Amino acid sequence: MQFELTRLPVTDQPGGCVVAGVFASRALTPSAKLLDKATDGAISAAVKAGDIGGKPGDTLLLRGLSGIKAERVLLVGCGKAGELNEGAYQRIVAAAAAAVGRLHCADAALYLAELAVAGHDEAWRVRTAVAAADHALYRFTEYKREPGKQHLKTLAIGCGARQAKTLDAALRQGQAIAAGVTLARDLGNQPANVCTPSYLAEQAQALAKAHDLHIEVLEEAQMRELGMGALLAVAQGSRQPPKLIVLKHLRGKSKAAPLVLVGKGVTFDSGGISIKPGAGMDEMKFDMCGAASVLGTLKAAALLELPVNLIGVIPASENLPDGQAVKPGDIVKTMAGKTVEILNTDAEGRLLLCDALTYVERFKPDAVIDIATLTGACVVALGNHAHGLLGNDQKLIDALLAAGRTAHDRAWQLPLWDDYKEQLKSPFADLPNVAGREAGTITAAAFLAAFTEKLRWAHLDIAGTAWKSGKDKNSTGRPVGLLVQYLLDRVAG
């Protein structure tokens with residue numbers, strides 16, 4: 001999808017379709033008023049007749065109106081004037097983009113960046129409109145024999161004539177975020193027989209080649225030499241070799257400590273010997289969405305040429321049951337030298353992450369953020385709306401919470417008190433890999449905290465947000481939006 005800015009009045013915008021808004025009070029947005037005047041009241045007549053209400057996301061298509069250049073006008077409901085928040089704005093843009101995408105037109109223009117959103121300027125509205133529209137228009141049809149046709153090729157965002165450089169930059173940011181999210185979604189939607197640890201490594205290598213990034217892929221022998229007994233324990237039940245992918249975007253000051261993103265890359269999780277129920281197990285191909293979000297964030301950072309030192313680390317493996325698979329009760333030694341009693345082989349993500357978190361100490365990072373589809377308990381606690389967020393540095397956590405609010409890719413902080421760490425007791429090893437049913441998201445983070453004592457660290461549990469289930473089954477690309485916003489905030493600050 002090609003996005004561009006247009007500063008033409010809506011009445012002079014040529015092409016297949018123009019989009020303008022209607023409020024719940026039946027009042028028209030500025031662009032809709034111009035359309036109404038040029039068409040001798042056709043817009044207000046349709047609203048007065050009740051053909052469209054102002055509920056956010058309602059749409060009405062009008063064709064063949066005289067007095068304007070566009071072939072069609074799409075009206076979209078915008079809710080109550082002056083009461084729009086980030087989420088409502090995204091939903092309105094997404095509904096409009098989805099409706100335009102169903103039309104047989106190659107180009108359209110969206111005049112919704114003129115809507116007032118509390119606390120945000122036009123640049124934010126342009127950037128968010130691009131990301132939200134691209135998300136709504138996304139289709140994964142690589143394996144469909146008759147893929148759905150996408151007629152729309154170009155979507156223009158109507159904007160003001162002032163602050164041209166600022167708005168051009170906002171458009172570029174929106175495009176980069178959209179590209180990063182799309183990469184994350186494409187990787188997440190791949191079937192597990194395609195998206196193996198080796199495939200993830202190949203995609204990382206392609207990303208590095210395209211954007212002049214440095215990459216290193218550690219193989220099993222190297223991980224064994226480093227003492228990554230926890231990561232290798234997960235991988236030993238699979239015929240697919242594990243990979244530790246290290247990708248570097250080094251555009252900051254030469255001596256500036258890097259930000260490190262660590263993404264869980266379990267390309268399929270059967271649960272191992274502690275096997276999962278069969279129903280819904282196909283969705284365990286999404287267990288590598290943390291890894292996908294790291295690659296998506298690096299892509300966006302590279303496209304924007306952000307002046308930061310950013311390192312992505314992805315421990316990648318399958319978790320399968322065979323004669324060599326790790327068993328409940330087995331004890332392994334981590335890279336940090338701590339021993340772990342594996343009580344449940346389905347709590348494998350933290351085993352990959354603990355060795356990866358120890359590995360990143362060598363980079364002497366300013367901060368480390370791990371991203372993982374880690375616990376079903378997080379889905380129970382927060383549903384699919386917010387990521388779980390925990391860590392050992394409140395300043396870092398606050399910055400991530402703020403970035404999530406700005407991007408409307410929100411996180412919610414959970415406590416990580418020492419009380420929870422007391423649940424992690426084993427009579428045979430330094431730590432067990434599970435601590436019972438209570439507070440499962442927190443005790444999983446408490447396990448990781450035992451390996452981050454030398455780091456300024458935050459943990460994003462995206463088990464409820466990384467994909468959608470049911471008839472709309474699809475990777476979401478989250479939390480690329482949050483992570484890129486955090487990077488933009490770091491650069492601006």
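Residues numbered from 1 in each chain as written. Predicted model: local features only at pLDDT ≥ 70, side-chain atom pairs only at ≥ 80, totals over all residues. Heavy atoms only, no water.

### Side note on the overall build of the protein chain
Consideration 1: When its secondary structure is counted, the protein chain shows 15 helices and 20 strands.
Consideration 2: For 493 residues, the compact-globule estimate of 2.2 N^0.38 gives 23 Å, and the protein chain sits close to it at 24 Å.
Consideration 3: Its C-alpha atoms give the protein chain principal-axis dimensions of roughly 80 × 50 × 45 Å.
Consideration 4: The proportion of buried residues among the 493 residues of the protein chain is 58%.
Consideration 5: In the protein chain, the proportion of contacts linking residues at least 24 apart, taken out of those at least 6 apart, comes to 77%.
Consideration 6: Counting every atom, the protein chain has about 20600 Å² of accessible surface; 50% of that belongs to carbon and sulfur.
Consideration 7: The centroid of the 54 positive side-chain charges in the protein chain is displaced by 4 Å from the centroid of its 51 negative side-chain charges. (Helix = DSSP H or I, 4+ residues; strand = E, 2+ residues; numbered from the N terminus. Rg over C-alpha atoms; globule rule 2.2 N^0.38 Å. Buried < 20%, exposed > 50% of the residue type's maximum accessible area, 1.4 Å probe, protein only. Contact = heavy atoms within 4.5 Å. Areas by Shrake-Rupley, 256 points an atom, 1.4 Å probe, with all protein chains shown as cover. Lys, Arg positive; Asp, Glu negative; His and termini not counted. Charge placed at Lys NZ, Arg CZ, Asp CG, Glu CD.)

### Regarding the pattern of salt bridges
Consideration 1: Scanning all chains against the criterion turns up 19 salt bridges.
Consideration 2: Glutamate 348 is paired through a salt bridge with lysine 264; the nearest N and O atoms lie 3.3 Å apart. Of this pair, glutamate 348 sits in the loop between β13 (339–342) and α10 (349–359) while lysine 264 is found in the loop between β9 (259–263) and β10 (265–269), placing the two residues 84 residues apart along the sequence. Per residue, the accessibility class of glutamate 348 equals that of lysine 264, and both read buried.
Consideration 3: With its nearest N and O atoms 3.0 Å apart, the salt bridge here joins aspartate 346 to lysine 276. (Salt bridge = Lys/Arg side-chain N within 4 Å of Asp/Glu carboxyl O.)

### Overview of helix α3 (residues 86–101)
Consideration 1: For α3, with 16 residues, the first-to-last C-alpha span of 22 Å sits near the 22 Å given by 1.5 Å per residue.
Consideration 2: The element α3 is largely enclosed, with a buried count of 12 among its 16 residues.
Consideration 3: Those residues of α3 that fall on the buried side of the exposure criterion are Glu86, Gly87, Ala88, Tyr89, Ile92, Val93, Ala96, Ala97, Ala98, Ala99, Val100 and Gly101.
Consideration 4: Contacts made by the buried residues of α3 are with β2 (17–22), β3 (59–63), β4 (72–77), β5 (107–110), α4 (122–137) and α12 (394–407).
Consideration 5: For α3, the capping residue at the N-terminal end is asparagine 85, with a side-chain oxygen 3.2 Å from the backbone nitrogen of glycine 87. (Expected span 1.5 Å × (residues − 1). Polar contact = N/O pair within 3.5 Å; in protein donor to acceptor, adjacent residues only side chain to side chain.)

### Observations concerning the sheet that holds β13
Consideration 1: Taken in spatial order, the three strands of this open sheet run β12-β13-β17, and their pairing is mixed. Of all the strands in the sheet, the pair left with one neighbour each is β12 (330–333) and β17 (431–432).
Consideration 2: When β12 meets β13, the two strands line up antiparallel, connected through four bridges. Counted as the bridge partner of lysine 333 is threonine 339 from β13. (Pairing = 2+ DSSP bridges.)

### Notes on the sheet that holds strand β6 (residues 154–158)
Consideration 1: Read from one edge of the open sheet, six strands run β1-β6-β5-β2-β4-β3, paired in mixed fashion. Each edge of the open sheet carries a strand with a single partner, namely β1 (2–6) and β3. Put simply, the sheet's adjacent strands are angled 25 degrees from each other on average, direction ignored.
Consideration 2: For β2 and β4, the ladder comprises five bridges, and the chain directions are parallel. The partner of glycine 21 across the bridge, within β4, is valine 76.
Consideration 3: Strands β2 and β4 of the sheet are contacted by helix α1 (residues 30–38), whose axis makes an angle of about 115 degrees with β2. (Axes fitted to C-alpha atoms, helices over the stretch in contact; angles between N-to-C directions.)

### A look at the nonpolar core
Consideration 1: Leu200, Leu295, Ile369 and Leu460 are the most contacted members of the largest nonpolar core, which totals 62 residues.
Consideration 2: The element contributing the most residues to this core is helix α9 (residues 289–303), with nine residues.
Consideration 3: Residues contacting leucine 200, with those up to four places away along its chain left out, are Leu187, Cys195, Ile245, Gly265, Thr267, Met288, Ala291, Leu295 and Ala316.
Consideration 4: In this structure, Leu351, Ala445, Phe447 and Trp457 belong to the second largest nonpolar core, which totals 50 residues. (Core = buried A, V, L, I, M, F, W, Y, C linked by side-chain atoms within 4.5 Å.)

### With respect to α4
One full turn of an α-helix is made of 3.6 residues, so residues set three or four places apart face in the same direction.
Consideration 1: In a regular helix each residue adds 1.5 Å, so 16 residues correspond to 22 Å; α4 covers 22 Å between its end C-alpha atoms and thus fits that length.
Consideration 2: Of all 16 residues making up α4, 14 are buried, and the element is well covered by its neighbours.

### Observations regarding the state of the cysteines
Each disulfide consists of a covalent bond between the sulfur atoms of two cysteine residues.
Consideration 1: This structure, assessed with the given rule, holds zero disulfides.
Consideration 2: With no disulfide of its own, cysteine 17 lies 5.6 Å from the sulfur of cysteine 105, the closest cysteine sulfur.
Consideration 3: With no disulfide of its own, cysteine 195 lies closest to cysteine 289 among cysteine sulfurs, the gap being 9.0 Å. (Disulfide = S-S within 2.5 Å.)

### Examining the pairing of β4
Both faces of the sheet carry side chains from a regular strand, because those side chains alternate between them.
Consideration 1: Of all six residues in β4, six are buried; the element is thus mostly enclosed.
Consideration 2: Two elements, β3 and β4, share five bridges in a ladder whose sense is antiparallel. Among the inter-strand pairings, leucine 60 is bridged to a residue of β4, identified as leucine 75.

### Structural notes on the packing of aromatic side chains
Consideration 1: One pass over the full model with this rule turns up six aromatic pairs.
Consideration 2: Taken together, a centroid distance of 5.9 Å and an interplanar angle of 80 degrees make the contact between tyrosine 359 and phenylalanine 363 edge-to-face.
Consideration 3: Taking relative accessible area as the criterion, tyrosine 359 reaches 4% and is therefore assigned buried.
Consideration 4: Look at phenylalanine 363 and you get buried, because its relative accessible area is 15%. (Phe/Tyr/Trp six-rings, centres within 6.5 Å; stacked < 30°, edge-to-face > 60°.)

### Regarding the side chain of threonine 334
Consideration 1: Summarising the element assignment, threonine 334 is placed in the loop between β12 and β13.
Consideration 2: Apart from the residues within four sequence positions on either side, threonine 334 is in contact with Gly227, Gly229, Ala230, Val340, Cys354, Asp355 and Phe451.

### Some remarks on the environment of lysine 55
Consideration 1: By secondary structure assignment, the location of lysine 55 is in the loop between α2 (42–48) and β3.
Consideration 2: Note on lysine 55: relative accessible area 60%, which makes it exposed.
Consideration 3: For the pair lysine 55 and phenylalanine 23, spaced 32 residues apart in sequence, the C-alpha to C-alpha distance is 7.5 Å.

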